[in-house]
Amino acid sequence: KAGVTQTPRYLIKTRGQQVTLSCSPISGHRSVSWYQQTPGQGLQFLFEYFSETQRNKGNFPGRFSGRQFSNSRSEMNVSTLELGDSALYLCASSLLAGQGGEKLFFGSGTQLSVL
Amino acid sequence: DQQVKQNSPSLSVQEGRISILNCDYTNSMFDYFLWYKKYPAEGPTFLISISSIKDKNEDGRFTVFLNKSAKHLSLHIVPSQPGDSAVYFCAAKNAGNMLTFGGGTRLMVKP
């Protein structure tokens with residue numbers, strides 16, 4: 001069974017540009033969550049989608065948005081990039097809606113560098 | 001306000017000995033706690049979890065202990081192996097699949 005796939009693996013952008021990151025969850029998984037990892041702030045929750053609906057959102061500005069398609073694949077978009085958006089963006093998938101101690105499976109991430 | 005804290009940024013142990021990684025939390029609404037292992041530029045890998053209604057869960061060399069009254073959990077690795085060297089994150093759940101992570105502890109197991 002293939003794991004969580006994130007594309008692209010690396011990305012370099014300049015300030016002011018926008019970027020779209022993609023995540024394909026494990027087959028059959030319906031929940032997709034996004035996290036940002038930076039050296040200063042650690043791993044922080046961005047948002048979660050389940051059955052194409054955003055269920056939870058973290059404390060990030062509106063420049064960060066996402067969506068989920070009917071096949072459970074998800075994209076996140078960051079507009080008007082800032083230097084501080086440089087980070088490893090991680091996607092996690094889960095089978096169900098989060099009842100109980102269900103584990104999340106993470107992809108390898110997209111390393112975004114903003115110059 | 002950090003709801004999940006790992007106060008030790010690093011830990012060094014000898015191969016074969018026990019590694020104990022600690023985590024404190026403040027939100028009493030967390031209902032599950034999870035430990036993840038992470039290598040640089042890779043996604044976290046799930047290790048073990050525990051429900052807030054239990055005080056211990058064991059899986060092979062890994063055991064997680066939960067002390068609800070102290071809002072404290074710990075991960076024990078026995079015996080420690082060089083391949084265990086990585087950054088360990090504790091995480092807590094209280095709503096759907098939203099995880100709140102601690103800052104991580106870098107474990108180094110010396111041969």
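Okay, so let's go over this structure.

What counts and how
Residues numbered from 1 in each chain as written. Chains lettered and ligands numbered in written order. Predicted model: local features only at pLDDT ≥ 70, side-chain atom pairs only at ≥ 80, totals over all residues. Heavy atoms only, no water. Helix = DSSP H or I, 4+ residues; strand = E, 2+ residues; numbered from the N terminus. Rg over C-alpha atoms; globule rule 2.2 N^0.38 Å. Buried < 20%, exposed > 50% of the residue type's maximum accessible area, 1.4 Å probe, protein only. Contact = heavy atoms within 4.5 Å. Areas by Shrake-Rupley, 256 points an atom, 1.4 Å probe, with all protein chains shown as cover. Lys, Arg positive; Asp, Glu negative; His and termini not counted. Charge placed at Lys NZ, Arg CZ, Asp CG, Glu CD. Pairing = 2+ DSSP bridges. Axes fitted to C-alpha atoms, helices over the stretch in contact; angles between N-to-C directions. Disulfide = S-S within 2.5 Å. Salt bridge = Lys/Arg side-chain N within 4 Å of Asp/Glu carboxyl O.

A few points about the overall build of chain A
Helices and strands together make up the secondary structure of chain A, namely 0 helices and 11 strands. Going from N to C terminus, chain A has its helices and strands arranged as β-β-β-β-β-β-β-β-β-β-β. Relative to the compact-globule value of 13 Å for 115 residues, chain A shows a C-alpha radius of gyration of 13 Å, a close match. Principal axes of the C-alpha set define a box for chain A whose edges measure 40 × 25 × 25 Å. Across the 115 residues of chain A, 50% fall into the buried class. Here the analysis covers contacts within chain A between residues at least 6 apart in sequence; of these, 54% occur between residues at least 24 apart. Only carbon and sulfur atoms are counted for the fraction: they give 49% of the accessible area of chain A, which is about 5,300 Å². With 11 positive and 6 negative side-chain charges, chain A shows a spacing of 4 Å between the two charge centroids.

Quick look at the overall build of chain B
Along chain B, the regular secondary structure elements total 0 helices and 11 strands. The C-alpha atoms of chain B give 13 Å as radius of gyration, which agrees with the globular expectation for 111 residues (13 Å, within 12%). Excluding contacts between residues fewer than 6 apart, the proportion of contacts in chain B whose partners are at least 24 apart in sequence is 53%. Carbon and sulfur atoms make up 49% of the accessible area of chain B, which amounts to about 5,300 Å² in all. When the 12 positive and 9 negative side-chain charges of chain B are each reduced to one mean point, those points stand 3 Å apart.

So, the pairing of strand β11 (residues 105-110) of chain B
Residues and elements named next belong to chain B. The side-chain alternation of β11 yields one buried face, formed by T105, L107 and V109, and one unburied face, formed by R106, M108 and K110. Judged from the 5 bridges that link them, strand β2 (residues 10-14) and β11 form a sheet pairing that is parallel. Bridge pairing in β11 links L11 to L107.

Things to note about the sheet that holds strand β7 (residues 64-68) of chain A
Residue and element names in this part refer to chain A. Strand order in the open sheet made by the 4 strands is β1-β3-β8-β7, with antiparallel pairing throughout. On the outer flanks of this sheet lie β1 (5-7) and β7, each paired with one strand and no other. Geometrically, the sheet is characterised by an average inter-axis angle of 20° between neighbouring strands, direction not taken into account. Bridging between strand β3 (residues 19-24) and strand β8 (residues 74-78) involves 5 bridges; their strand directions are antiparallel.

Quick look at the state of the cysteines
Residues and elements named next belong to chain B. What the rule picks out here adds up to 2 disulfides over all chains. Each sulfur of the disulfide joining C23 and C90 lies 1.9 Å from the other. Of note, the bridge from C23 to C90 carries an S-S torsion of about 60° and is right-handed in sense. Highlighted residues: C23 in strand β3 (residues 19-25) and C90 in strand β9 (residues 86-95), separated in sequence by 67 residues.

Here we look at the side chain of S51(B)
Structurally, the position occupied by S51(B) is in strand β5 (residues 45-51). Taking the relative accessible area as the measure of exposure, S51(B) reaches 11% and is therefore buried.

Points about the pattern of salt bridges
In total, this model carries 7 salt bridges over all chains according to the counting rule given. Taking the shortest distance from any N to any O, the salt bridge between R73(A) and E75(A) comes out at 3.4 Å. Residue R73(A) is classed as partly exposed on the basis of its relative accessible area, which comes to 24%. A relative accessible area of 17% places E75(A) in the buried class. Where D84(B) meets R61(B), a salt bridge forms, and the shortest distance between an N and an O atom there is 2.8 Å. With D84(B) in the loop between β8 (72-77) and β9 and R61(B) in the loop between β6 (56-59) and β7 (62-67), this pair connects stretches of sequence that are 23 residues apart. The class for D84(B) is buried, based on a relative accessible area of 3%. Within the structure, one salt-bridge network assembled from shared partners comprises R63(A), E82(A) and D85(A).

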